[in-house]
Amino acid sequence: MDEIIFFDNAKDSVTGFFEREFENFPPLIMSHFLNKFNDIMNYNEEDDRIKPKIVFTDNVEAVAKAIPKSHALTVFSDNDATMFNLRLKSLFAIADNEWCIFIEIKENKVSYGLLMSFRSIKDKNFIQTLEENTSIKGKAHCILVRALNFYSMSLHSISGNDLIVNFSLDKTKNNYYSNEIRDFVDATFSKLRTTQRKLQDMKNMYRNIFFNVMNNVHGAICVIVDKDYKDNGFFEDGVWLKEPISFSKLFAQSKSYSETKLRAFSDLFINMLNFDGITIIDNQGRIRAYNVFVETNSKKLGYIVGGARKRAAYHILSSKRKNIIGVYFQSHEGEVFFQALKKNLPSESKKKTTKSEKPAEPHLDKQN
């Protein structure tokens, strides 16, 4: 007799989370959502991987008002939830990039639509602002659901509680992507000297860029080197910019910076990350090179199971070369880590131990 294993613990945890965080959440919508759970994590539109973001609420107007420069666009309004699956499918196809789907549940109506915050790229994005916002509490129930990758989903309530559902059988795979990106961004600007305001703006911009990379780029490696790094041949197989792209110069006049220019260079950065090979930046936040390749040692990295991108990341980390600060890695299936080389971090950073500084354990995955 075949043995069949069900993820009932995950189902019970998700149901319990909604019961605690969203009073009187309709059982029919809960049933539809659970049946759609796997589709949300693995949604593809004409071979394009889409990671939907869904806000369940009973007052979308209150949510939009709480997030600066936000707009809610209602697309469908039904008297019951029978069209739930068709409505979501219609919105999945267009809710890409920073658009977020909302499902507003009121006594006699279910409305579906899109939410967006039209803010500068140097400001925190809609998702970050929503996760940190406490002013909605008491005005609306609100749960944010995000597909992180092929095997995990994040649930966040407006009261600040979180639940991550991970269907991977490999327990070494973590989902603390916000922490990984935070540590990566901190290391990226560890030697930039500027005003606190400009530094925060640039960090926000980099976080926005890499959250977009997580959602829209199938795989990437970004290496941080010291601002005085001079390549001795290790990264010679690539395109080194004669003049590094310096985002700090774009913020030279904070009152008259060009939003268009910022977004154009940010899009260029994402294109480099999406291109084959490694993108190299320094710890002043400057883009130095892209389309870089390193020759890996298959015997030495035999314990790494994965594709060329993952072996390259571990090869760089194991080289322990001076002036390499750390490596950001993202696989095709959504695994993400940032690992810093502690010996090359500034002294003030060494005092702070974070999750991402610990050696990332190699584990099984598909071709990256």
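Residues numbered from 1 in each chain as written. Predicted model: local features only at pLDDT ≥ 70, side-chain atom pairs only at ≥ 80, totals over all residues. Heavy atoms only, no water.

## Focus on the environment of valine 239
Residue position: valine 239 is located in strand β11 (residues 237-246). A sequence separation of 41 residues divides valine 239 from isoleucine 280, and the C-alpha atoms of the two residues are 9.8 Å apart. Each residue touching valine 239, except ones within four places of it in the same chain, is listed here: Arg288, Ala289, Tyr290, Asn291 and Val292. (Helix = DSSP H or I, 4+ residues; strand = E, 2+ residues; numbered from the N terminus. Contact = heavy atoms within 4.5 Å.)

## Side note on the packing of helix α7 (residues 196-216) against helix α9 (residues 259-274)
As a packed pair, α7 and α9 sit with axes 10 Å apart at the nearest point and diverge in direction by 45 degrees. With respect to their mutual orientation, α7 and α9 come out oblique. Note on packing geometry: the crossing formed by α7 with α9 is right-handed. Residues Met205, Tyr206, Ile209, Phe210, Asn212 and Val213 of α7 lie in contact with α9, whose contacting residues are Leu262, Ser266, Phe269, Ile270 and Leu273. Split into classes, the residues belonging to the contact of α7 with α9 amount to nine nonpolar, two polar and no charged. (Axes fitted to C-alpha atoms, helices over the stretch in contact; angles between N-to-C directions. Parallel < 35°, antiparallel > 145°, perpendicular 65-115°, else oblique. Left-handed = near helix turned anticlockwise from the far one by under 90°. Nonpolar A, V, L, I, M, F, W, Y, C, P; charged D, E, K, R; others polar.)

## Topic: empty space enclosed by the protein
In this approach the atoms are scanned with a rolling probe the size of a water molecule, which exposes any empty space left behind. For the structure on display, the rule yields three cavities of 30 Å³ or more. Computed from the structure, the largest cavity encloses a volume of approximately 140 Å³. Counting residues per element, the ones that place at least two in the lining of the largest cavity are α5 (126-132) and α7. Ranked by the residues each element gives to the lining of the largest cavity, the list is headed by α7, at four residues. For the lining of the largest cavity, the per-class residue count stands at three nonpolar, five polar and three charged. Of the pockets and cavities examined, the second largest cavity occupies roughly 90 Å³. Lining of the second largest cavity is provided by 13 residues; of these, Arg49, Lys51, Val217, His218 and His332 occupy positions nearest its centre. Among the elements that make up the lining of the second largest cavity, the one with the highest residue count is α7 (three residues). (1 Å grid on protein atoms, 1.4 Å probe; cavity = no way out; pocket = protein on both sides within 12 Å on 5 of 7 lines; lining within 4 Å. Points joined across faces, edges and corners; volume = space filled by probe spheres on them.)

## Quick notes on the sheet that holds strand β14 (residues 324-330)
Read across the open sheet, the six strands follow the order β11-β13-β12-β10-β14-β15; overall the sheet is mixed. Edge positions in the sheet fall to β11 and β15 (336-340), since each of these pairs with one other strand and no more. For this sheet, the mean angle separating the axes of adjacent strands, direction not counted, is 15 degrees. Here β11 runs beside strand β13 (residues 286-293); their pairing, made up of five bridges, is antiparallel. Residue tryptophan 240 lies in a different strand from β13, and its bridge partner there is alanine 289. On the sheet, α7 packs against β10 (220-225), β12 (278-282), β13, β14 and β15 and is oriented at approximately 40 degrees with respect to β14. (Pairing = 2+ DSSP bridges.)

## Thoughts on α9
If you check α9, its first and last C-alpha atoms are 22 Å apart, about what 16 residues at 1.5 Å a residue would give, namely 22 Å. Regarding α9, the residues found buried are Leu262, Ser266, Phe269, Ile270, Met272 and Leu273. Looking straight down α9, one finds its buried side chains confined to an arc of 155 degrees; they lie on one side. Exposed positions of α9 whose direction lies more than 90 degrees from the buried face are Thr260 and Asn271. Elements that come into contact with the buried residues of α9 comprise α7, β10, β11, α8 (247-250), β12 and β13. (Expected span 1.5 Å × (residues − 1). Buried < 20%, exposed > 50% of the residue type's maximum accessible area, 1.4 Å probe, protein only. Arc of directions from axis to C-beta.)

## Digging into the sheet that holds strand β6 (residues 109-117)
With respect to topology, seven strands assemble into an open sheet ordered β4-β6-β5-β3-β7-β8-β9, the strand pairing being mixed. Single-partner strands in this sheet number two, and they are β4 (70-78) and β9 (162-166). Strand after strand, the sheet turns through a mean of 20 degrees between neighbouring axes, direction not considered. Here five bridges tie strand β8 (residues 152-157) to β9, and the two strands are oriented antiparallel to one another. Residue serine 152 lies in a different strand from β9, and its bridge partner there is asparagine 166.

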